[in-house]
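Analysis of the macromolecular model
So you can see what is in the structure, the chains are spelled out below.
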There are 2 protein chains.
Amino acid sequence: MRDFGRESLRAEDKKRVRELALFRDMDEARFEGLLKAAFFQRFPERVTLIQEGGAADFLHVVIDGTVELFATLDKRESTMTVLSPVSTFILAAVLKDAVYLMSARTRTPSQILMIPSQNVRDAMAEDAAFARSIVSELATCYRGVVRNQKNLKLRTGIERLASYLAHQHVRQGASGALSLPIDKKTLASMLGMTPENLSRAFAMLRKKGVNVNGPEITIKSSDDLFEIARFAPLIDNFPAEPLASYVKHHK
Amino acid sequence: MRDFGRESLRAEDKKRVRELALFRDMDEARFEGLLKAAFFQRFPERVTLIQEGGAADFLHVVIDGTVELFATLDKRESTMTVLSPVSTFILAAVLKDAVYLMSARTRTPSQILMIPSQNVRDAMAEDAAFARSIVSELATCYRGVVRNQKNLKLRTGIERLASYLAHQHVRQGASGALSLPIDKKTLASMLGMTPENLSRAFAMLRKKGVNVNGPEITIKSSDDLFEIARFAPLIDNFPAEPLASYVKHHK
DNA sequence: ATAGCTTCTTGACATTTATCAAGGCGCATG
DNA sequence: CATGCGCCTTGATAAATGTCAAGAAGCTAT
């Protein structure tokens, strides 16, 4: 992989990593040790960070920017999820010392912390609190994918879109407006539909109070969205509070 | 839940549980302690074992029989997966002390071991080897769901069927014949299609050497199936060896 | 054995979704 | 400023999938 610029983690970003559920309860010295072994790099947009099938050499942490996880089969490609700061990815592959099942690329200029897999596994073996956090994190991720699969199998395209919009609306402060963090082609793939169909789905929602202007969306009533999406607590996992990075930029 | 007959675990079955990756490395006395706290019950077919939204009071282990995990949204229902012996289910909910995201029902008369969640969590806290096994198990499960999601989003219905048949073929000894462990309606739901469409998919495959007689299938060439399914190691996770219970019954 | 049930299959049809093609719009670049 | 490019939208059409209905095959219970 090209070296786009290794640098040191700012104290502020370090604090954000430390506050992640995965690292919060870790022994202080061991956390510092992990960071010392890690690489912190900036990447431009549209850079492939990892490729499915490759060895899981690093646990990745998105510090800033937007990262897309996607998968391919022959010429087909599908977006699995889109990550925003601060989140880790491919933890499971790291722990199993296995190959990646998904590829990752940046969607915006991003800052990524890369922790060597072996260090993560060593830290888990030595630090019981970290091991517990890993269990909790994995269980949460697992449940996330299960929710996702339910979403895919039990909802129609329009319902998935309404659910996604409702979700983003809450994340971004529930102000009646939201902006799409990714382009519509990627969103379509993530929601399991074609770009053309996503356009039509948006056109449908327009009749129900959803105003679309490029990536900027305003909604008349989030209750309407819930109703269209057939809101279900066992599928939709709404964040307890708006995402910090959105609040920061749109205050 | 009705008590369909609590009884004690036979030594043979105990051994099979002990040999599961999840329990293999556990401290012997602690394993015995878990079993002592556990319930072992027989259930008739079509009994609901757990309901999504309910509290995860027990870790379940399928000792014998076939168990379906499914999810619902309003009146819709979708089969998420079908389990055969010996496997655990809803480990993630147990560890997070959360509600079930999926329901479970028996498809055949079954024997289920139910270990109280609190005991599992206590054992994890006290036994580092067990904690490691849990991490490994969760990571494996996570990767399983990811493969499943890739299967759903990157393959067409026919391709998913071909992949499923190839998978069952290997599990059952790769003899050129296999039998469906579940009825076709359930299989259709699991593969994300309607029963009618599954029938048509089978009709398509018939032209390519797949002979269907009720639940009994014979195939001309498993390579043909791989080709139709667009076999991909990063989606299809073939078992290293045939499933013991099939070999036992069909020798 | 047979009536009645369930499961599965098949055909006709409706709906949904994907594909192809064209054009508008905004944005970066020469 | 003009040009070209990528993104998005829209319409026409094709393909896939779902729905409805009917009937065949197999199983169960009386």
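Let me sum up the structure you'll find in this document.

1. Focus: the overall build of chain A
Looking only at helices and strands, chain A features 11 helices and 12 strands. The C-alpha radius of gyration computed for chain A amounts to 19 Å, which stays within 12% of the reference 18 Å derived for 251 residues, consistent with globular compactness. Seen through its principal axes, chain A has C-alpha atoms that stretch 55 × 40 × 35 Å. Nonlocal contacts in chain A, meaning residues at least 24 apart in sequence, comprise 76% of its contacts between residues at least 6 apart.

2. A short note on the protein's contact with DNA strand C
Of all residues adjacent to DNA strand C, which total 15 residues, the nearest are E196 and N197 of chain A together with D183, K184 and S199 of chain B. At 5 residues, the largest contribution of residues to the surface near DNA strand C is made by helix 9 (residues 195-206) of chain B.

3. Some remarks on the protein's contact with DNA strand D
Inspection of the region around DNA strand D gives 15 residues, with D183, K184 and S199 of chain A together with E196 and N197 of chain B positioned closest. Mapped by element, the contributors of at least two residues to the surface near DNA strand D are helix 8 (184-190) and helix 9 (195-206) of chain A together with helix 9 of chain B. Sorting elements by how many residues they give to the surface near DNA strand D places helix 9 of chain A first, with 5 residues. In terms of residue class, the surface near DNA strand D is made up of 5 nonpolar, 5 polar and 5 charged.

4. Comments concerning the sheet that holds strand 6 (residues 76-83) of chain A
Overall, antiparallel pairing links the 4 strands, which are arranged 3-8-5-6 (chain A) in an open sheet. Unpaired on one side and paired on the other, strand 3 (48-50) and strand 6 of chain A mark the two borders of the sheet. Ignoring strand direction, the axes of neighbouring strands in this sheet form an average angle of 35°. Here 2 bridges tie strand 3 of chain A to strand 8 (residues 103-106) of chain A, and the two strands are oriented antiparallel to one another. Bridged to I50 of chain A within strand 8 of chain A is A104 of chain A. Packed onto the sheet, helix 6 (residues 128-154) of chain B meets strand 5 (67-73) and strand 6 of chain A and runs at close to 130° relative to strand 6 of chain A.

5. Brief notes about the environment of I134 of chain B
All names here are of chain B. Tracing the backbone through its elements, the reader meets I134 in helix 6. What makes I134 buried here is the crowd of 26 C-beta atoms within 10 Å. Separated by 43 residues in the primary sequence, I134 and L91 place their C-alpha atoms 8.7 Å from one another.

6. Considerations on the relation of the copies chain B and chain A
Screw-axis analysis of chain B against chain A gives a translation of 0.0 Å along the axis, an RMSD of 0.0 Å, and a rotation angle of 180°. Taken together, the turn and the small shift mark the pair as related by a two-fold rotation axis. Across chain B, the rotation axis passes nearest the C-alpha of Y142 of chain B, at a separation of 2.5 Å.

7. So, the environment of E196 of chain A
By the element assignment, E196 of chain A lies in helix 9. Overall, E196 of chain A belongs to the exposed group, with 9 C-beta atoms counted inside 10 Å.

8. Observations regarding the interface of chain B and chain A
The partner chain A presents 39 residues to the 39 residues of chain B that form the contact. Those elements that place two or more of their residues in the side of chain B that touches chain A are strand 5 (67-73), strand 6 (76-83), helix 4 (91-96) and helix 6 of chain B. Tallying contributions element by element places helix 6 of chain B first for the side of chain B that touches chain A, with 20 residues. Residues of the side of chain B that touches chain A, tallied by class, amount to 22 nonpolar, 7 polar and 10 charged.

9. Comments concerning the sheet that holds strand 10 (residues 177-179) of chain B
Hydrogen bonds between backbone atoms are what pair the strands of a sheet, whose relative direction is either parallel or antiparallel. Residue and element names in this part refer to chain B. An order of 10-12-11 is seen for the 3 strands of this open sheet, with the pairing classed as antiparallel. What marks the edges here is a single partner per strand, and that holds for strand 10 and strand 11 (210-213). The mean inter-strand angle of the sheet, taken between neighbouring strand axes irrespective of direction, is 20°. As paired strands, strand 10 and strand 12 (residues 216-219) are joined by 3 bridges and run antiparallel to one another. Bridge assignment links A177 to a residue of strand 12, and that residue is T218.

10. Digging into the packing of helix 7 (residues 157-171) of chain B against helix 10 (residues 222-229) of chain B
Residues and elements named next belong to chain B. At a minimum axis distance of 8 Å, the contact between helix 7 and helix 10 shows a crossing angle of 145°. When the axes of helix 7 and helix 10 are compared, the crossing they make is left-handed. In contact with I158, E159, A162, S163, L165, A166 and H169 of helix 7, helix 10 contributes S222, L225, F226, I228 and A229. A breakdown of the residues in the contact of helix 7 with helix 10 according to their chemical character gives 8 nonpolar, 3 polar and 1 charged.

11. Side note on the nonpolar core
Membership of the largest hydrophobic core comes to 99 residues, with the highest contact counts inside it found for L138 and Y142 of chain A together with L138 and Y142 of chain B. Setting aside anything within four residues of it in sequence, one finds L138 of chain B in contact with V135, L138, A139 and Y142 of chain A together with L91 and A92 of chain B.

12. Points about the pairing of strand 8 of chain A
Consecutive side chains along a regular strand alternate between the two faces of the sheet. Taken together, the 4 bridges between strand 5 of chain A and strand 8 of chain A define a ladder with antiparallel strand orientation. Within the sheet, the bridge partner assigned to E68 of chain A lies in strand 8 of chain A and is R105 of chain A.

13. What to know about unusual backbone geometry
Residues and elements named next belong to chain A. Of note, the bond from P85 into V86 is cis; its omega dihedral lies within 30 degrees of zero at -5°. Structurally, V86 is set in the loop between strand 6 and strand 7 (87-89). At I90, a residue that is not glycine, the phi angle is positive and equals roughly 55°. Of note, I90 is situated in the loop between strand 7 and helix 4 (91-96).

14. A word on the packing of helix 3 (residues 28-37) of chain B against helix 5 (residues 117-126) of chain B
Residues and elements named next belong to chain B. The N-to-C vectors of helix 3 and helix 5 enclose an angle of 170°; their axes lie 10 Å apart at closest approach. The orientation of helix 3 with respect to helix 5, classified from their angle, is roughly antiparallel. Contact with helix 3, carried on its side by R30, L34 and A37, involves N119, A123 and E126 of helix 5 and no other residues of that element. Of the residues assigned to the contact of helix 3 with helix 5, the class counts are 3 nonpolar, 1 polar and 2 charged.

15. Re the environment of K96 of chain A
Its place among the elements puts K96 of chain A in helix 4. Sequence-wise, K96 of chain A and A56 of chain A are 40 residues apart; in three dimensions their C-alpha atoms are separated by 8.8 Å. Those residues in contact with K96 of chain A that sit more than four places away from it in its chain are S136, A139 and T140 of chain B.

Cut-off values and rules
Residues numbered from 1 in each chain as written. Chains lettered and ligands numbered in written order. Predicted model: local features only at pLDDT ≥ 70, side-chain atom pairs only at ≥ 80, totals over all residues. Helix = DSSP H or I, 4+ residues; strand = E, 2+ residues; numbered from the N terminus. Rg over C-alpha atoms; globule rule 2.2 N^0.38 Å. Contact = placed C-beta atoms within 7 Å. Near = placed C-beta within 6 Å. Nonpolar A, V, L, I, M, F, W, Y, C, P; charged D, E, K, R; others polar. Pairing = 2+ DSSP bridges. Axes fitted to C-alpha atoms, helices over the stretch in contact; angles between N-to-C directions. Buried ≥ 20, exposed ≤ 12 C-beta atoms within 10 Å, placed from the backbone. Least-squares fit on C-alpha atoms with pLDDT ≥ 70 in both. Left-handed = near helix turned anticlockwise from the far one by under 90°. Core = buried A, V, L, I, M, F, W, Y, C linked by C-beta atoms within 7 Å. Parallel < 35°, antiparallel > 145°, perpendicular 65-115°, else oblique.

It is worth stressing that arrangement in space is one thing and function is another; only the former is reported here.
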